[in-house]
Amino acid sequence: MLRLSKMTDYGTVVLAHMARNPQAVHAAADVAQATHVKLPTVSKLLKLMTKGGLLASQRGSHGGYVFARLPAEISAADIIDAIEGGMGITECSGNHSQCDIEAHCHVGTAWQRIDLAIRDALKSVSLEQLAQPNTLVPPQVRIGRNPSRVIPIKLES
């Protein structure tokens, strides 16, 4: 099963909360209280997302975190990259492959295609949509180059 880390899950919750009021300056303590994610975790996530270019920090008595880009311009892939440092479904589909058998592997190209399809799906969902899940249309995955081979993805509630 493909699974993102708990930090990415929490990061999405934190950003979705903030995206409901995107012009506000968000204090870590307020975000932690509203999302029920512990303050040390929220602080770590906010720093990671600032380093990843999703947020900007403001110092001072009215300081906190603001969006560096609009929530509509931040994709699920951007969130994963900021928190996880990128992702790859297999070793050879990542940017810095260290697979010992990559030169002799006959399935690596197929996994790389699958990885690209997943990444494209993640890029197609914005933080703005994540913050308002009722606006999401169930995604579909196209298999291969044949446009008629489309599989709808069932969303669980």
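Residues numbered from 1 in each chain as written. Predicted model: local features only at pLDDT ≥ 70, side-chain atom pairs only at ≥ 80, totals over all residues. Heavy atoms only, no water.

Chemist: Account for unusual backbone geometry, with residues named and values stated.
Modeler: The phi torsion at H36 lies on the positive side, around 65 degrees, for a residue other than glycine. Assignment of secondary structure puts H36 in the loop between helix 2 (28–35) and helix 3 (39–51). What makes H36 exposed here is its relative accessible area of 71%. (Helix = DSSP H or I, 4+ residues; strand = E, 2+ residues; numbered from the N terminus. Buried < 20%, exposed > 50% of the residue type's maximum accessible area, 1.4 Å probe, protein only.)

Chemist: Help me get a handle on the pattern of salt bridges, residues and values and all.
Modeler: For the structure shown, the criterion picks out 2 salt bridges. As a salt-bridge pair, D78 and R69 come within 2.7 Å of each other at their nearest N and O atoms. D81 is the partner of R119 in a salt bridge, and the nearest nitrogen-oxygen pair spans 2.4 Å. In this pair, R119 sits in helix 5 (residues 108–123) while D81 sits in helix 4 (residues 76–84), placing the two residues 38 residues apart along the sequence. The class of D81 is partly exposed, set by a relative accessible area of 26%. (Salt bridge = Lys/Arg side-chain N within 4 Å of Asp/Glu carboxyl O.)

Chemist: Can you tell me about the pairing of strand 1 (residues 55–58), naming the residues and giving the values?
Modeler: Sheet topology note: the strand 1/strand 2 (residues 64–67) ladder contains 4 bridges and is antiparallel. Looking at the pairing, Q58 lines up with G64 of strand 2. The antiparallel pairing of strand 1 with strand 2 creates a hairpin that spans 5 residues between the two strands, and G60 there sits at a positive phi of about 110 degrees. (Pairing = 2+ DSSP bridges.)

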